[in-house]
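# A structural walkthrough
What follows is each chain in one-letter form.
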Amino acid sequence: MTILPAGQAKEDPLRDLDKVVREEVDAVIGWQSMPAEVLARPTGLGVIDPSRYVVAAQDDQYVGLARVAPLPRRPRLGLIAVRACQWRRGIARAMLAEVLGSLHRSGIDATSAEIDEFNKPAVMLFEGIGARAAGTSLELVHR
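So, here is what we can say about the structure in this document. (Residues numbered from 1 in each chain as written. Predicted model: local features only at pLDDT ≥ 70, side-chain atom pairs only at ≥ 80, totals over all residues. Heavy atoms only, no water.)

### Some words on the pairing of strand β4 (residues 76–82)
Counting buried residues along β4, five of its seven residues qualify, which places the element largely inside the surrounding structure. With six bridges joining them, strand β3 (residues 61–69) and β4 adopt antiparallel strand pairing. Of the residues in β4, the one forming a bridge with Arg67 is Leu79. Between β3 and β4, which pair antiparallel and follow one another directly, the connecting turn spans six residues. Of the strand pairs in this sheet, β4 and strand β5 (residues 112–113) are connected by two bridges, and their pairing is parallel. (Buried < 20%, exposed > 50% of the residue type's maximum accessible area, 1.4 Å probe, protein only. Helix = DSSP H or I, 4+ residues; strand = E, 2+ residues; numbered from the N terminus. Pairing = 2+ DSSP bridges.)

Structure (structure tokens):
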């Protein structure tokens, strides 16, 4: 397993992984349990900027990704996803370590992420590295 730092992934394989991950999330837990979905462009292709992605690669195939949005006050970890066939191998933890280490080396001492309390693997991942809840959010849905 190789963890590629932000900016080192190739765009086409990254786009392919993004598509597979979206299909797997939709089939397993659904996007309704995710904090936010990145909407696709009208062409059906989402915006892929390799400089925002840390990628896990195995045998020349991308199997995991972590996306960071560089917000002005505090970067936001927008997504960590690993192919379902690769779960429970420490890949998400390794990508998270790369993301946090890179931010730390850049002088950034804090980042944020949103996790659905019912997404037990994500909760366990973040609690396992010492993350703590910093508040709650309410969402108003107008129907």
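Next comes the rest of the write-up.
### A short note on the sheet that holds β3
Two orientations exist for strands paired in a sheet by backbone hydrogen bonds: parallel and antiparallel. On the basis of which strands lie adjacent, the open sheet formed by five strands has the order β1-β2-β3-β4-β5 and mixed pairing. Only two strands of the sheet have a single partner each, and these edge strands are β1 (2–4) and β5. With three bridges joining them, β1 and strand β2 (residues 53–58) adopt antiparallel strand pairing. If you follow Leu4 over to β2, its bridge partner there is Val55. Docked against the sheet, helix α2 (residues 91–105) engages β1, β2, β3 and β4, running at close to 150 degrees with respect to β4. (Contact = heavy atoms within 4.5 Å. Axes fitted to C-alpha atoms, helices over the stretch in contact; angles between N-to-C directions.)

### Focus on the pattern of salt bridges
Under the definition given, this model contains seven salt bridges. For the salt bridge of Glu11 with Arg15, the shortest nitrogen-to-oxygen distance reads 2.9 Å. Taken together, the residues span about one helical turn, with Glu11 and Arg15 both in helix α1 (residues 11–28) at a distance of four residues. (Salt bridge = Lys/Arg side-chain N within 4 Å of Asp/Glu carboxyl O.)

### Considering the nonpolar core
Within the largest apolar cluster, 15 residues are counted, with the highest numbers of intra-cluster contacts made by Leu77, Ile91, Met95 and Val99. When contributions to this core are tallied by element, the ones reaching two or more residues are β2, β3, β4, α2 and α3 (120–128). When residues in this core are grouped by element, the largest group, six residues, is from α2. With near-sequence residues (within four places) excluded, Ile91 lies in contact with Met1, Ala56, Val63, Val82 and Gln86. (Core = buried A, V, L, I, M, F, W, Y, C linked by side-chain atoms within 4.5 Å.)

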